[in-house]
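Here is what each chain is made of, one letter per residue.
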Amino acid sequence: MPKITVSVQRRASDQDARSFETHEVELSDKASVLDALFALQRGPCPDLAFRFSCRVGMCGSCAMVVNGREQLTCSVLVKDIGNTLRIEPLRNLPVKRDLAVDMKPFFAAYQRTLPNFTPRDDLDPSDFYRLPLDSKEWKAMSHQPQCIDCGACYSACTLVTLHPRYVGPMALHRALNLIVDPRDKSRSERLNLVTGEAGAFRCHTLGNCRDVCPRGISPTHSIERLKRLAVWEPFRKMFARIFPA
Amino acid sequence: MPDYPTHEHDVLIIGSGGAGLRAAIEASAAAVKVGLVCKCLLGKAHTVMAEGGIAAALANVDERDGWQVHFADTMRGGQYVNNWRMAELHAKEAPARVRELEAWGALFDRTPDGRILQRNFGGHKYPRLAHVGDRTGLEMIRTLQDHGVHLGIDVHMEVAIVELLKDGDRVVGALGYDRERGQFKIFHAKAVVLATGGIGKSYKITSNSWDCTGDGHALAYHAGAELLDMEYVQFHPTGMVWPPSVCGMLVTEGVRGEGGILTNKDGKRFMFDSIPDNYKAQTADNEEEGWRYTQGDRNARRPAELLTRDHVARCIVREIKEGRGTPHGGVWLDISWIKKRIPNAAEHIKRKLPSMYHQFKQLGDVDITREPMEVGPTTHYIMGGVRVNADTQMSCVPGLFAAGECAAGINGANRLGGNSLSDLLVFGKRAGEHAAKFAKESKAGQISAAQIEEGARSALEPFDRNVSAGQFEGPYQVQYDLQEMMQREVGIVRRQDEMERALEGLAKLWERARRVGVTGHRQFNPGWHTALDLRSLLTVSEAVTRAAIERKESRGAHFREDFPDKDATFGKTSLILRKGPDGAMQLRREPLPALPDHLKKVIEEMK
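Conventions and cut-offs
- Residues numbered from 1 in each chain as written.
- Chains lettered and ligands numbered in written order.
- Predicted model: local features only at pLDDT ≥ 70, side-chain atom pairs only at ≥ 80, totals over all residues.
- Heavy atoms only, no water.
- Axes fitted to C-alpha atoms, helices over the stretch in contact; angles between N-to-C directions.
- Helix = DSSP H or I, 4+ residues; strand = E, 2+ residues; numbered from the N terminus.
- Parallel < 35°, antiparallel > 145°, perpendicular 65-115°, else oblique.
- Contact = heavy atoms within 4.5 Å.
- Nonpolar A, V, L, I, M, F, W, Y, C, P; charged D, E, K, R; others polar.
- Pairing = 2+ DSSP bridges.
- Domains from an automatic or database assignment.
- Salt bridge = Lys/Arg side-chain N within 4 Å of Asp/Glu carboxyl O.
- Polar contact = N/O pair within 3.5 Å; in protein donor to acceptor, adjacent residues only side chain to side chain.
- Patch = residues over 30% accessible without salt bridge, like charges linked within 9 Å, V, L, I, M, F, W, Y side chains within 5 Å.
- Areas by Shrake-Rupley, 256 points an atom, 1.4 Å probe, with all protein chains shown as cover.

1. Structural notes on the packing of helix 2 (residues 67-77) of chain B against helix 17 (residues 597-605) of chain B
Residue and element names in this part refer to chain B. Their axes nearest at 9 Å, the elements helix 2 and helix 17 cross at an angle of 90°. Considering their axes alone, helix 2 and helix 17 lie roughly perpendicular with respect to each other. Two secondary-structure elements touch here, helix 2 through Trp67, Gln68, Phe71, Ala72 and Met75 and helix 17 through Leu599, Val602 and Ile603. Its residues assigned to classes, the contact of helix 2 with helix 17 shows 7 nonpolar, 1 polar and no charged.

2. Remarks on the environment of Asp565(B)
Residue and element names in this part refer to chain B. Mapped onto the elements of the fold, aspartate 565 is located in the loop between strand 18 (559-560) and strand 19 (573-579). Residues aspartate 565 and phenylalanine 427 lie 138 residues apart in sequence; the distance between their C-alpha atoms is 32 Å. Leave out the neighbours within four places in its chain, and aspartate 565 touches Glu553 and Ser554.

3. Here we look at the sheet that holds strand 13 (residues 331-334) of chain B
Strands in a sheet are paired, the pairing made by backbone hydrogen bonds, and the direction either parallel or antiparallel. All names here are of chain B. One open sheet holds the 4 strands; their spatial order is 11-14-13-12, and the pairing between them is antiparallel. Of all strands in the sheet, those bounded by a partner on one side alone are strand 11 (233-240) and strand 12 (261-263). This sheet shows a mean twist of 45° between the axes of neighbouring strands, independent of strand direction. Sheet topology places strand 12 next to strand 13; 3 bridges connect them, and they run antiparallel. Across the sheet, residue threonine 263 finds its bridge partner in strand 13, namely tryptophan 332.

4. Let's talk about the sheet that holds strand 3 (residues 54-55) of chain B
Residues and elements named next belong to chain B. As summarised here, the arrangement of the 3 strands in space is 3-5-4, forming an open sheet in which the pairing is antiparallel. Of all the strands in the sheet, the pair left with one neighbour each is strand 3 and strand 4 (118-119). The sheet contact formed by strand 3 and strand 5 (residues 129-130) spans 2 bridges and is antiparallel. Following the sheet pairing, alanine 55 is matched in strand 5 by leucine 129.

5. Comments concerning the domain arrangement of chain A
Residue and element names in this part refer to chain A. Its domain assignment divides chain A into domain 1 (3-101) and domain 2 (104-242). Inter-centroid distance (C-alpha atoms) of domain 1 to domain 2 is 31 Å. On the domain 2 side, the residues contacting the 14 residues of domain 1 number 17 residues. Our count for the contact surface shared by domain 1 and domain 2 stands at 0 salt bridges. Counting every contact that joins domain 1 to domain 2 gives 8 residue pairs in polar contact (both at pLDDT 80 or more). Mapped onto the side of domain 1 that touches domain 2, the elements with two or more residues apiece are strand 3 (63-66) and strand 4 (69-72). Per-element tally for the side of domain 1 that touches domain 2: the top contributor is strand 4, with 3 residues. Of the residues in the side of domain 1 that touches domain 2, the class split is 8 nonpolar, 3 polar and 3 charged.

6. Structural notes on a nonpolar patch on the surface
Together, Phe201(A), Val231(A), Trp232(A), Phe235(A), Met238(A), Phe239(A), Ile242(A) and Phe243(A) line one region of the surface with nonpolar side chains, adding up to about 880 Å² of accessible area. The residue Ile242(A) is located in helix 9 (residues 219-242) in this model.

Structure below.
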């Protein structure tokens, strides 16, 4: 494989000016972008800061912006991108150092959506809930792949850039999972929380999150579903009052 | 006292994987103040990579299952050197721990009629693994994390611990540094729970994430705790061997559970030729029966591919060594062949093994629904670890607890797949519960300024050595050489002379590690982090090597070419390592506690 030119953003903190450091590295045939970063760390930039852990796209630590697009660097091969790499930290989050960002705003947004499961009071906590595969309840649940909270969607979302209070695609997608879970009791409360100004209706359906998700999740789809559920919620409640179960 | 920020907790938990989170939740429920420290971000721990499932005798799929069967399976898998009390507690308590996860929001795959589905796995007599596709660990971590954060656990992310603080014999906290600013932090606690996971990064080819550097093992050892069973390192039979960047990454046993077969370059299913005697009765002797087993036929016996991990790994090594391997030095694992048996096989594979499909497609350019995978053994798990009391999980150092992979006992000489997730739930809970109890019954201890100053000084030493002047070397090469050496000399097949060479090599590596230097500042400096990790890696590597030299027999995951058989005396002996008064590692033998009659009877009945 020919030599690859890699530019990485170096920055001591969010206040510092951005600068790029460029090196040529030699890589094997099926090297990932993360391998290119390792080559830099073991060579010319031993103190280059970036996060990684599992190497196979499971932990979601190593999301960065590669040639302008969010990628899990361990899961994308250099040969599929080209001979020149330009690697930057995720957007919409303050830089801690070099390619590592402060994930706190991302996690904080998630915490604002009542992210913990709240079991219905009539469930037996010592046993599991029966959910036959052909039941309406099972079919109504969200069966998208599991999220690894890598932050790629949050970084790619234009609305997050424009409205820092907007909770972003990941938090909304995860909220939907709980809202359509028949075992959870906070459907209305959570729906209320996530469909306000800072929630689902802030989304303009640009689909960036769907395009960059390394797990193939479509938060866009989840957010659309949240919007529909929010519109129907008053009617659902009314029916529930008229025809109590 | 040095002027570092000090955090006060009743119980401090080190590690944010399954065991750490479960311990934190339990301690929190006991109404003590809980702090959790992790060196990665919350939710990125190695547990998220667990694929297969949680072993628990729920008996949903096969009502003949029960704790007795699970217990007997675990003991047989561990070659009967397990801590029997831990194996008993584990088998009895695992089902409740799984149900509890559902009560906190996890959603396991379902049987058609809506109960938790359980899958087959190597060494388990009945389908026993509750799972979420092949992402069970991820679902578990998310559930524990959301539940734990909701309970109000204090989480200190990206803080690495360099030393446990002691007051006399007792552990009273820890000294760490936060990676973002490179600042030291003091954690003052009445009890400390180690839940730091494994040691995979001591080896070159490993399925472990980059954070598995044996920190808990090393912290405990240096604080005076005993390490047990360190010779038992499990090599998972199927890791990716190609391309190099993902070499070692796990290919779940679930592939074989769903009907995948192992063949050599001649296309022969070599596993059927080498079924050990003690497994003959419960292993299929023909391919047809094996296939029926994977498809849920309760009267069929399991195929030879689903024998225990240590055995399968050695058979693969044998095939490769004898020249019947694949181009990149592995064997073939084929799931695509099931298209001969079932319609829509490609869809079935993608649905049952989604992340395997993606992993190979994305990283290896291989479509597993059409082609076989190239696989070979990879360092996966350490059965050894901190020696703890079976019921309370406390080590011999008062106030110091350990749970999960960094504790020893339950798995004996070899762990069964799926038992690690149930282990960390069962014993994570116990550690949290008893650490909270210990904290309630104890007064706060004194932390020593001298110990903190010394800990901080030695952690900062690498900055005093200027690497760019060429006088000192950086940490990465030392780490690489260590991994290379452990792989070569203390790997799957071990020999006295090789391991003695490794011991000499370790002494040289210790010398080099004491003299590594780093460039740059303390803020988020990966070179510095690696320099400090080296101390843990070297400590655990030395422990593994010393114990492996001492055990002159082959048992479970520990295989000696020069002593290929089991030895009855060693079968009743545990090897225990401890830091001697002179600072050198001391090893001693201790008789294994005898199995009580009522459990002997269980094992007899399950034979």
